[in-house]
Amino acid sequence: MKNIMLVCVAGMSTSLLVSKMQKAAQEQNIEADIYAIAEGEVEKVLATKKADVLLLGPQVRYLKGSYETKFKGMDFPIDVINMADYGMMNGEKVLQQALQLIG
């Protein structure tokens, strides 16, 4: 099971992307828990839920450095979703980005 956390300003703009990523995962027989949360909820969610990768929406890309410092000991990659893939809501490409980061 892959746990993929998407972070955006309010957790809403990525909900469509989450749906498309879930569909792509199902089509590829990949077991994944893909969810979107607001930037202010990350610490609270990580206290109770595991993440294998944390992907930031382009609108919160500025958080990458501080998240890398804050979550250093949690051992998961943090990256920014490609702006074109985000804009096109390309769930398959964003899923592939997440899986590559997980390794």
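Scroll up for the structure.
Quick look at the structure, then. Every value quoted in this text rests on a predicted model; they were computed, and no experiment measured them.

## Topic: the pattern of salt bridges
Summed over the entire model, instances satisfying the criterion amount to six salt bridges. Glu43 is the salt-bridge partner of Lys70, the closest N and O atoms lying 3.2 Å from each other. Of this pair, Lys70 sits in helix 3 (residues 64–70) while Glu43 is found in helix 2 (residues 42–46), placing the two residues 27 residues apart along the sequence. We classify Lys70 as partly exposed; its relative accessible area is 46%. Residue Glu43 is classed as partly exposed on the basis of its relative accessible area of 48%.

## Overview of the sheet that holds strand 2 (residues 32–38)
Sheets are built from strands that pair by backbone hydrogen bonding, the pairs being arranged parallel or antiparallel. Ordered by their spatial adjacency, four strands build an open sheet running 2-1-3-4, and the pairing between neighbours is parallel. In this open sheet, the two strands that pair with only one neighbour each are strand 2 and strand 4 (78–80). Between one strand axis and the next, the sheet turns through 25° on average, direction left out of account. Two strands pair when backbone bridges link them, and strand 1 (residues 2–8) and strand 3 (residues 53–56) are joined in this way by four bridges, in the parallel orientation.

## Focus on helix 5 (residues 91–102)
Helical periodicity: at 3.6 residues per turn, an α-helix aligns residues three or four positions apart in one direction. The end-to-end C-alpha distance of helix 5, which contains twelve residues, comes to 16 Å, matching closely the 16 Å that a straight helix rising 1.5 Å per residue would cover. Every buried residue belonging to helix 5 is among Gly91, Val94, Leu95, Gln97, Ala98 and Leu99, and all of these are buried. Of the surrounding elements, those touching the buried residues of helix 5 are strand 1, helix 1 (15–27), strand 2, strand 3, strand 4 and helix 4 (83–87). Looking one or two residues past helix 5, Gly103 carries a phi angle of roughly 90°, positive in sign.

## Section: the side chain of Gln97
Tracing the backbone through its elements, the reader meets Gln97 in helix 5. A distance of 3.0 Å separates the side chain of Gln97 from the backbone oxygen of Val80, its partner in a polar contact. Residues within four places of Gln97 in sequence aside, it is in contact with Leu55, Asp79, Val80, Ile81 and Asn82.

## Details of the nonpolar core
Within the largest apolar cluster, 18 residues are counted, with the highest numbers of intra-cluster contacts made by Ile4, Leu6, Leu17, Met21, Ile34, Leu55 and Leu95. Put simply, the parts of the chain that give this core at least two residues each are strand 1, helix 1, strand 3 and helix 5. Ignoring any residue separated from it by four or fewer positions in sequence, one finds Met21 in contact with Ile4, Leu6, Ile34, Gly91, Val94 and Leu95. Val7, Val45, Leu63 and Phe71 belong to the second largest nonpolar core, which has 17 residues in total.

Parameters and conventions
- Residues numbered from 1 in each chain as written.
- Predicted model: local features only at pLDDT ≥ 70, side-chain atom pairs only at ≥ 80, totals over all residues.
- Heavy atoms only, no water.
- Salt bridge = Lys/Arg side-chain N within 4 Å of Asp/Glu carboxyl O.
- Helix = DSSP H or I, 4+ residues; strand = E, 2+ residues; numbered from the N terminus.
- Buried < 20%, exposed > 50% of the residue type's maximum accessible area, 1.4 Å probe, protein only.
- Pairing = 2+ DSSP bridges.
- Axes fitted to C-alpha atoms, helices over the stretch in contact; angles between N-to-C directions.
- Expected span 1.5 Å × (residues − 1).
- Contact = heavy atoms within 4.5 Å.
- Polar contact = N/O pair within 3.5 Å; in protein donor to acceptor, adjacent residues only side chain to side chain.
- Core = buried A, V, L, I, M, F, W, Y, C linked by side-chain atoms within 4.5 Å.

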